Amino acid sequence: MQPYELTISEARKLLDQKQISSVELTRAVLARIDSVDPKLNAFLTVSEESALADAEAADRAITAGTSKLLTGIPLAVKDVICTEGIRTTCASKILENFVPPYSATVIEKLKSQNAVLVGKTNMDEFAMGSSNEHSAFGAARNPWDLSRIPGGSSGGSAAAVAADMCLGALGSDTGGSIRQPASHCGVVGLKPTYGRVSRFGLVAFASSLDQIGPLAKSVEDSAVLLNALAGHDRKDSTSVPEPVPDYPAAITPDLGGVTLGLPKEYLQAEGTDPEVGRAVAGAIQTLEGLGARCVEVSLPMTEYVVAAYYVIAPCEASSNLARYDGVKYGARANDAEDLMDMYRKTRSRGFGPEVQRRIIIGTYSLSAGYYDAYYGKASQVRTRIMEDFRQAFTACDALVCPVAPTPAFPIGEKTDDPLTMYLSDIFTLSANLAGIPGLSVPCGFSTEGLPIGLQVLAPYFKEETLIRVAGSFEQTTEFHKKRPRI
Amino acid sequence: MKITHDEVRYVADLARLDLDEAAVDKFAGQIGEILLYIDKLNEVDTDGVDPTSHAIFLTNAFREDELVEPLDTDRALANAPEQENGCFVVPKIIP
């Protein structure tokens, strides 16, 4: 076994027993990136020098006996999270040379544990997309099949974890951007409850939906990462002062006493690939075998989720992205005649087509005469979507369903058909609109060998339930152990 | 057509985006299709339903007003496309 193949928990033991140093582990991971990333394009920046400095500091902490759960562990971070001194591009030309003057709170938290940051991962520009094809620096590729998308928008982070180019990674999830690429790349991805993790230093896409979370090789690792990330932050007034439980301790051998809801609208959705349906049905049987009781539940607003999301998210995006004006940071067009011309040229050249499309949809939906019909209406439908979940959770502890209707699709298949691309987000968007936590855990493979994920959704701040259900499932299955040959 | 070429141009102008004719044409088609799909929302009965703009119930988040070290001027200006005397430089605004 190569060091880069280790899970976080396995590496922790070896590091603490001094069987490997963080510098050795980090060098192995960096060499792995060198050898496979040219095929995958999962990294936008590899921070070799600072990673080795982080690793040396970690080794000193281990020697001093002050090591924590992530000390010396090489991690990757989606390039939408600010890292002081390390370029943060959001996969956009407008931020191509942006070096943040401060780090996000989640980065400070990782640094306080002496974790090692090996680099910044590829994504859809400003996290807008489900395929990674909207990166200004070329799409990341799926390690299981290089002709296919890794998913998005945290596709680089998912590909990096799946291809052993880091032991774990951070992503952000606004409409499925952690869970869907995790599903497509065969890793675990967890979107926490809105407010569970500080968004300070996360470049804003849709502020009422965005949430940072982990991608990892196992449920236990994702729980370890969540423990490090979660908690109230005075710098993010939307973070919630709820106590942070010991997430890894939530994993139990069986699921006795757990009731799982099967949302019929998700499980009977038209357009779901039969192989996805079979894998999810098999997973439900396994969960029942572990002692969970399954009941059918209904989420009647399901057919309106995509429409509501693709009003609300672009509205918030159009407002958030107004800040890119070529004045304080980011690129500026230098051939402008006046201020207005400078704004227009800067933004038109700096933003890619999907970002411009969403800015236009958002600006239109918020403009005079349309606000009530679009943003107002979508915000009311959002309330009804939340009510659906509230109702469903009166009958069960968690919901299980697919993450995505199909396994990873070929690069280029949906690039010019944004509506079809949006519709593929059907199973993930509702958790963001409602603010509840969700997780994707590997639950099967298609006949072509592509990973399929099972989604677990839980009530507010019940990440422990996600971890318990998925952790128990993982312990009795082998899907997460299979790795792609690159 | 759900959104006309003129409307796309008007909205792009509000958003400070320059679109060439090919982009206007493409966006009008794609965004028109998306807006048509979004019309589904009108099927939902939302009479008397309060809108949600924030998923978690939080009211004002108060904290102690403590002095902390702010970002210093040099670092705040470090990413500016153009700066002078501790200020951001912008194209001339008053003719």
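Coordinates for the structure precede this section.
Residues numbered from 1 in each chain as written. Chains lettered and ligands numbered in written order. Predicted model: local features only at pLDDT ≥ 70, side-chain atom pairs only at ≥ 80, totals over all residues. Heavy atoms only, no water.

**Q** How would you sum up the overall build of chain A? Please name residues and give values.
**A** From N to C terminus, chain A includes 16 helices and 11 strands. Radius of gyration (C-alpha) of chain A: 21 Å, near the 23 Å computed for a compact globule of 486 residues. In terms of principal-axis extent, the alpha carbons of chain A reach across some 65 × 50 × 45 Å. The buried share of chain A, reckoned over its 486 residues, is 68%. Summed over its atoms, the accessible surface of chain A is roughly 15500 Å², and 49% of this surface lies on carbon and sulfur atoms. (Helix = DSSP H or I, 4+ residues; strand = E, 2+ residues; numbered from the N terminus. Rg over C-alpha atoms; globule rule 2.2 N^0.38 Å. Buried < 20%, exposed > 50% of the residue type's maximum accessible area, 1.4 Å probe, protein only. Areas by Shrake-Rupley, 256 points an atom, 1.4 Å probe, with all protein chains shown as cover.)

**Q** Which residues make up empty space enclosed by the protein, and what are the values?
**A** Residue and element names in this part refer to chain A. The tally for this structure, following the rule as stated, stands at five cavities of 30 Å³ or more. What the largest cavity holds in volume is close to 100 Å³. Along the wall of the largest cavity there are 16 residues; nearest its centre are Gly129, Ser130, Gly175, Ser177 and Asp425. A class-by-class count of the residues in the lining of the largest cavity yields five nonpolar, nine polar and two charged. By volume, the second largest cavity is sized at about 70 Å³. Taken together, Asp54, Leu75, Val77, Ile107, Leu110, Lys111, Ala115, Val116 and Leu117 make up the lining of the second largest cavity. When residues of the lining of the second largest cavity are traced back to their parent elements, those giving at least two are β2 (74–78), α4 (105–112) and β3 (116–121). Across the lining of the second largest cavity, the residue classes tally to seven nonpolar, no polar and two charged. (1 Å grid on protein atoms, 1.4 Å probe; cavity = no way out; pocket = protein on both sides within 12 Å on 5 of 7 lines; lining within 4 Å. Points joined across faces, edges and corners; volume = space filled by probe spheres on them. Nonpolar A, V, L, I, M, F, W, Y, C, P; charged D, E, K, R; others polar.)

**Q** Describe in detail the packing of helix α7 (residues 219–229) of chain A against helix α16 (residues 463–475) of chain A, supporting the description with residues and values.
**A** Two quantities define a packed helix pair, namely the angle between the helix axes and the distance between the axes. All names here are of chain A. Here α7 crosses α16 at 155°, and the two axes come no closer than 9 Å. With respect to α16, the axis of α7 lies roughly antiparallel. Between α7, through Val219, Glu220, Ala223 and Leu226, and α16, the contact on the second element is made entirely by Glu463, Ile467, Ala470, Gly471 and Glu474. Within the contact of α7 with α16, the residues separate by chemical class into five nonpolar, one polar and three charged. (Axes fitted to C-alpha atoms, helices over the stretch in contact; angles between N-to-C directions. Parallel < 35°, antiparallel > 145°, perpendicular 65-115°, else oblique. Contact = heavy atoms within 4.5 Å.)

**Q** Can you explain the pattern of salt bridges? Please cite residues and give values.
**A** A complete count under the given rule lists 23 salt bridges over all chains for this structure. The closest approach of N and O atoms between glutamate 66 of chain B and arginine 234 of chain A, which form a salt bridge, is 2.9 Å. You can see glutamate 66 of chain B sitting in the loop between α2 (21–38) and α3 (73–77) and its partner arginine 234 of chain A sitting in the loop between α7 and β7 (259–263), one on each of two chains. Relative accessible area serves as the criterion here: at 45%, glutamate 66 of chain B is assigned to the partly exposed category. By relative accessible area, arginine 234 of chain A is classed as partly exposed at 40%. The closest approach of N and O atoms between aspartate 39 of chain B and lysine 2 of chain B, which form a salt bridge, is 2.8 Å. Of this pair, aspartate 39 of chain B sits in the loop between α2 and α3 while lysine 2 of chain B sits in the segment before α1 (5–14), and the two are 37 residues apart along the sequence. Residue aspartate 39 of chain B is classed as partly exposed on the basis of its relative accessible area, which comes to 26%. (Salt bridge = Lys/Arg side-chain N within 4 Å of Asp/Glu carboxyl O.)

**Q** An account of a nonpolar patch on the surface is needed here, citing residue identities and associated values.
**A** A contiguous nonpolar surface patch, about 300 Å² in accessible area, is contributed by Val90, Ile93 and Ile94 of chain B. Looking at where valine 90 of chain B falls in the secondary structure, it is placed in the segment after β2 (87–88). (Patch = residues over 30% accessible without salt bridge, like charges linked within 9 Å, V, L, I, M, F, W, Y side chains within 5 Å.)

**Q** Help me get a handle on the interface of chain A and chain B, residues and values and all.
**A** In many analyses, interface size is given as the accessible surface area lost on bringing the parts together. The partner chain B presents 54 residues to the 69 residues of chain A that form the contact. Summed over both partners, the interface of chain A with chain B comes to about 5400 Å²; 65% of that surface belongs to carbon and sulfur atoms. In this assembly, chain A and chain B are joined by six salt bridges. Between aspartate 416 of chain A and lysine 26 of chain B there is a salt bridge whose closest N-O contact spans 3.2 Å. (Buried area = accessible area lost by both parts, 1.4 Å probe.)

**Q** Give a description of the sheet that holds strand β5 (residues 188–191) of chain A that names residues and reports values.
**A** Residues and elements named next belong to chain A. Read across the open sheet, the 11 strands follow the order β1-β3-β2-β4-β6-β5-β10-β11-β9-β7-β8; overall the sheet is mixed. In the strand order of this sheet, the two ends are held by β1 (43–46) and β8 (293–297), each with one partner. Pairwise comparison of adjacent strand axes, ignoring direction, gives a mean angle of 30° for this sheet. Direction of pairing for strand β10 (residues 438–445) relative to strand β11 (residues 451–457): antiparallel, over a ladder of seven bridges. When the sheet's bridge partners are listed, leucine 439 is paired in β11 with valine 456. Along the sheet, helix α2 (residues 22–40) contacts β1, β2 and β3; its crossing angle with β3, the most-contacted strand, is approximately 20°. (Pairing = 2+ DSSP bridges.)

**Q** I'd like to hear about unusual backbone geometry, residue by residue, with values.
**A** Residue and element names in this part refer to chain A. Between glycine 152 and serine 153 the backbone carries a cis peptide bond, its omega angle lying at 10°. Backbone geometry at phenylalanine 126 places phi at a positive 55°, although glycine is not the residue there. Residue placement: phenylalanine 126 occurs in the loop between β3 and α5 (155–162). In this model, aspartate 164 sits at a positive phi of 60°, which is unusual for a non-glycine residue. Relative accessible area serves as the criterion here: at 4%, aspartate 164 is assigned to the buried category.

**Q** An account of the nonpolar core is requested, with residue identities and associated values reported.
**A** Residues and elements named next belong to chain A. Of all hydrophobic cores here, the largest spans 178 residues; its most connected members are Ile81, Val118, Phe126 and Phe389. Among the elements that line this core, the one with the most residues is helix α10 (residues 305–320), at 11 residues. For isoleucine 81, the contacting residues outside a window of four places in its chain are Thr88, Ala104, Val106, Ile107, Lys120, Leu170, Gly171, Gly201, Leu202 and Ile212. (Core = buried A, V, L, I, M, F, W, Y, C linked by side-chain atoms within 4.5 Å.)

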